[in-house]
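A look at the structure
The lines below spell out each chain.
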Amino acid sequence: FESLQVNSKKFVVLGTGGTIAGRASQAGDNIGYKAGEVGVDQLLVGIPVPAGVSLQAEQVAQIDSKDMSHAVWQSLLSRVAHHLAKADVDGILITHGTDTLEETAIFLQLALASSGLLSKPVVLTCAMRPATALVPDGPQNMQDALAVLQNLAIGGTSPANMPCSCLQVMAVCAGSVHGAMDVQKLHPYRTDAFSSGDSGPLGFVEEGAVRWVRSTAFNWPSRHIPWTEFAINSIVNTVWPRVDIIMSHAGVVGRMIDLLLADKDLASGHALQGLVIAGTGNGTIHESLEAAIGRAQAAGVDVVRASRCAQGQIVSKAGDGLTDSEGLSPVKARIALQLKLMHRR
Ligand code: SIN
């Protein structure tokens, strides 16, 4: 699908599936549908394209994002990087399921930050209702996402003077623009399912106009990820290190960690190389896990501490034994640790 307009801004729309591409057997069924059914070119039919913009659509995957895999991420990263590198492409729109959207956003952010390609915007959008809903939310989200791309492409907010001279990868949903660092799905049903927690959204889309309320810069403390040295190919063409998440909760047992450690098949990527502990409150960890965490560290496993809390970030203090995730949620901390371990190879 290629629009016939000859215009000054070109955006590539990459489809990956999700509810936005979902189809139900009965119109109006908002939960009994199959995600990832409608092609990305079809999703664009009837969406008003901003003046001066042309679109090119490409289907990268067609999945329910609960099934997101490292392989799909590798394909997506490779296509995003390919298109961003082209002089005639001004930005990327990715249609994605809501369930793991925040993971894909932080993955693309960390993987692309060092490439120099994120001077152009990358925006994800989604829907909570399938394309066949009586009142679908996907078309409005697509329209809003295109407005954000256009705003950024014409310099609505400048990446100049940013700490790493790059934009945040963004997610547009229900009129809010969220940054990859903070965005999190907080509601399983409402169309306004995403939040940026304490930080708040980067901006809002109101009747096609974008109102920025925060800097769109990617401002990463860089303690975990030496992102300035990443090569896209080293992420695309490799077996990813295995990093698992263990949640600290009432009655948890350290044996789970020992069982993970017992799986030693390094070549397949199955051997445990990293562990994120989703700690309680301020990143505290049940005493039952402590000895097993020590055994994992002794076996060379990198252990990072995140918090189960939906908002805020761990306030570290002298004597904390484990590195904390610097505000990343457990699922995002897992991706950051995987990239760090890849980089170290
Ligand atoms: C998915 O994540 O692919 C299904 C759920 C959704 O998009 O809302």
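No experiment lies behind these values; they were computed from the predicted model shown.

So, the layout of surface pockets
Within this model, the largest pocket holds a volume of roughly 520 Å³. Along the walls of the largest pocket sit 31 residues, with Met-181, Asp-182, Ser-199, Gln-313 and Gly-327 positioned nearest its centre. Across the lining of the largest pocket, the residue classes tally to twelve nonpolar, 14 polar and five charged.

A few points about the nonpolar core
Within the largest apolar cluster, 56 residues are counted, with the highest numbers of intra-cluster contacts made by Phe-107 and Leu-112. At eight residues, helix H3 (residues 101-112) tops the list of elements feeding residues into this core. Counting residues in hydrophobic clusters, the runner-up holds 30 residues, among them Ala-21, Leu-44, Leu-55 and Ala-147.

Examining the packing of H3 against helix H8 (residues 330-344)
Relative to each other, H3 and H8 sit at 30 degrees, their axes nearing to 9 Å. Here H3 lies roughly parallel to H8, going by the angle between them. Considering only the axes of H3 and H8, their crossing is right-handed. Where H3 approaches H8, its residues Glu-102, Glu-103, Ile-106, Phe-107, Leu-110 and Ala-111 are matched on the opposing element by Val-331, Lys-332, Ile-335, Ala-336 and Leu-339. In terms of residue class, the contact of H3 with H8 is built from eight nonpolar, no polar and three charged.

Some words on the pairing of strand E11 (residues 203-206)
Here E11 shows a buried face lined by Gly-203 and Val-205 and an unburied face lined by Phe-204 and Glu-206. What sits between the antiparallel neighbours E11 and strand E12 (residues 209-212) is a turn of two residues, in which Glu-207 has the positive phi angle 50 degrees.

Description of the confidence of the model for the protein chain
Averaged over the protein chain, the pLDDT score is 91; the fraction of residues at 70 or greater is 91%. In the predicted structure, residues 1-7 sits below a pLDDT of 50 and forms 17 contacts with residues beyond four places in sequence or in another chain. Confidence drops under a pLDDT of 50 for residues 158-163, and excluding neighbours within four residues, the segment shows nine contacts in the predicted structure.

Examining the packing of aromatic side chains
Per the counting criterion, the structure on display carries three aromatic pairs. Arranged with centres 5.1 Å apart and planes meeting at 25 degrees, the rings of Trp-73 and Phe-107 form a pair that is stacked. Of this pair, Trp-73 sits in helix H2 (residues 70-84) while Phe-107 sits in helix H3; the two residues are 34 residues apart in sequence, bridging distant segments of the chain. On the basis of relative accessible area, Trp-73 is assigned to the buried category, the value being 3%. Judged by its relative accessible area of 0%, Phe-107 falls in the buried class. An aromatic cluster is built from Trp-73, Phe-107 and Trp-240, whose rings are joined through pairwise contacts.

Describing the sheet that holds strand E15 (residues 302-307)
Here we have four strands laid out as an open sheet, ordered E13-E14-E15-E16, and parallel in their pairing. Of all strands in the sheet, those bounded by a partner on one side alone are strand E13 (242-247) and strand E16 (323-324). Judged from the six bridges that link them, E13 and strand E14 (residues 272-279) form a sheet pairing that is parallel. The residue of E14 that forms the bridge with Val-243 is Gly-274.

Details of the site of the ligand
The local shell around the ligand consists of Gly-18, Thr-19, Tyr-33, Asp-64, Ser-65, Gly-97, Thr-98, Asp-99, Ala-127 and Met-128. At a separation of 3.2 Å, an oxygen atom of the ligand approaches a polar side-chain atom of Asp-64. Contacts to the ligand include Thr-98, whose side-chain N or O atom sits 2.5 Å from an oxygen atom. Coverage of the ligand by the protein amounts to 95% of the 250 Å² it exposes when considered alone. Grouping the amino acids of the shell around the ligand by side-chain chemistry returns three nonpolar, five polar and two charged.

With respect to the pattern of salt bridges
Tallied over the full model, the rule gives 14 salt bridges. In this structure, Glu-37 and Arg-23 form a salt bridge, with 3.8 Å as the shortest nitrogen-oxygen distance. Pair noted here: Glu-37 is in the loop between strand E3 (33-34) and helix H1 (40-43) and Arg-23 is in strand E2 (residues 23-24), with a separation of 14 residues, a long-range link. Residue Glu-37 is classed as partly exposed on the basis of its relative accessible area, which comes to 33%. Residue Arg-23 is classed as partly exposed on the basis of its relative accessible area, which comes to 42%.

Some points on helix H4 (residues 138-153)
For H4, which comprises 16 residues, the first-to-last C-alpha distance of 22 Å matches the rise-based estimate of 22 Å (1.5 Å per residue) to within 8%. Most of H4 is tucked away: twelve of the 16 residues are buried. Among the residues of H4, those classed as buried are Gly-138, Asn-141, Met-142, Asp-144, Ala-145, Leu-146, Ala-147, Val-148, Leu-149, Asn-151, Leu-152 and Ala-153. With its phi angle positive at about 90 degrees, Gly-155 sits one or two positions after the end of H4.

What counts, and where the lines are drawn
Residues numbered from 1 in each chain as written. Predicted model: local features only at pLDDT ≥ 70, side-chain atom pairs only at ≥ 80, totals over all residues. Heavy atoms only, no water. 1 Å grid on protein atoms, 1.4 Å probe; cavity = no way out; pocket = protein on both sides within 12 Å on 5 of 7 lines; lining within 4 Å. Points joined across faces, edges and corners; volume = space filled by probe spheres on them. Nonpolar A, V, L, I, M, F, W, Y, C, P; charged D, E, K, R; others polar. Core = buried A, V, L, I, M, F, W, Y, C linked by side-chain atoms within 4.5 Å. Buried < 20%, exposed > 50% of the residue type's maximum accessible area, 1.4 Å probe, protein only. Helix = DSSP H or I, 4+ residues; strand = E, 2+ residues; numbered from the N terminus. Axes fitted to C-alpha atoms, helices over the stretch in contact; angles between N-to-C directions. Parallel < 35°, antiparallel > 145°, perpendicular 65-115°, else oblique. Left-handed = near helix turned anticlockwise from the far one by under 90°. Contact = heavy atoms within 4.5 Å. Pairing = 2+ DSSP bridges. pLDDT = per-residue confidence, 0-100. Phe/Tyr/Trp six-rings, centres within 6.5 Å; stacked < 30°, edge-to-face > 60°. Near = heavy atom within 4 Å. Polar contact = N/O pair within 3.5 Å; in protein donor to acceptor, adjacent residues only side chain to side chain. Areas by Shrake-Rupley, 256 points an atom, 1.4 Å probe, with all protein chains shown as cover. Salt bridge = Lys/Arg side-chain N within 4 Å of Asp/Glu carboxyl O. Expected span 1.5 Å × (residues − 1).

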